[in-house]
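If you want the building blocks of each chain, they are given just below.
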Amino acid sequence: METLTDRVNKALEEIRPFLISDNGDVELVEIIKDNKVIVRFTGACSECSINHSTLKLGVEATIKKHVPEITEVLSLTD
């Protein structure tokens, strides 16, 4: 059976090509209490002015689609 971490990483694999096409990426840092996910943007995404939109509309939506028990996705810059 897949762990929660495995399932979140699989969801990140779905959105990763879009981030890489903009010279960026995202990595899972940890899953904390209340099923909150912490991610870190890297490359161009780490300095992008719209990375909060990317986080909520792209990363969080994709993770929640695959792992509905996740309650929120935060980035280290939040």
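Keep in mind that this is a model prediction, so the values were computed, not measured.

J.: Sorry, what's going on with the sheet that holds strand β3 (residues 72–75) here?
T.: Sheet strands pair by backbone hydrogen bonding; their relative direction is either parallel or antiparallel. A sheet is described by the order of its strands in space; here three strands give the open sequence β1-β2-β3, paired in mixed fashion. The open sheet has two edge strands, β1 (24–32) and β3, and neither has a second partner. Here the average twist between neighbouring strands, direction ignored, is 30°. Taken together, the four bridges between strand β2 (residues 36–43) and β3 define a ladder with parallel strand orientation.

J.: Explain the pattern of salt bridges to me, please; I cannot follow it from the model alone.
T.: Pairing between side chains of opposite charge can happen when the charged atoms of each approach one another. This structure, assessed with the given rule, holds 10 salt bridges. In this structure, the salt-bridge partner of Asp-25 is Arg-16, at a minimum N-O distance of 2.6 Å. The class for Arg-16 is buried, based on a relative accessible area of 14%. With a shortest N-O distance of 2.4 Å, Arg-40 and Glu-27 are connected by a salt bridge. Residue Arg-40 is located in strand β2, and its partner Glu-27 is located in strand β1; the two are separated by 13 residues in the primary sequence. Exposure remark for Arg-40: the relative accessible area of 34% places this residue in the partly exposed category. Here the salt bridges do not stand alone but share partners, grouping Lys-36, Lys-56, Glu-60, Lys-64 and Glu-72 into one network.

The rules behind each value
Counting restarts for each chain, with residues numbered from 1 along the sequence as it is written. Local features in this predicted model are restricted to residues of pLDDT 70 or higher, and side-chain atom pairs are both shown and tallied only at a pLDDT of 80 or more, whereas totals for entire chains, interfaces and linings draw on every residue. Hydrogens are left out, water is left out, and the side-chain values use all remaining heavy atoms of the structure. Criterion used throughout: strands pair if DSSP finds at least two bridges between them. The way it works is that DSSP assigns letters per residue, a run of H or I at least four long becomes a helix, a run of E at least two long becomes a strand, and they are numbered from the N terminus. Between N-to-C directions, angles cover 0 to 180 degrees, with each direction set by a line fitted to C-alpha atoms, over the stretch in contact for helices. A pair is scored as a salt bridge if a Lys or Arg side-chain nitrogen falls within 4 Å of a carboxyl oxygen belonging to Asp or Glu. A 1.4 Å probe rolled over the protein chains alone gives each residue an accessible area, and that area as a share of the maximum for its type sets the label: buried under 20%, exposed over 50%, partly exposed in between.

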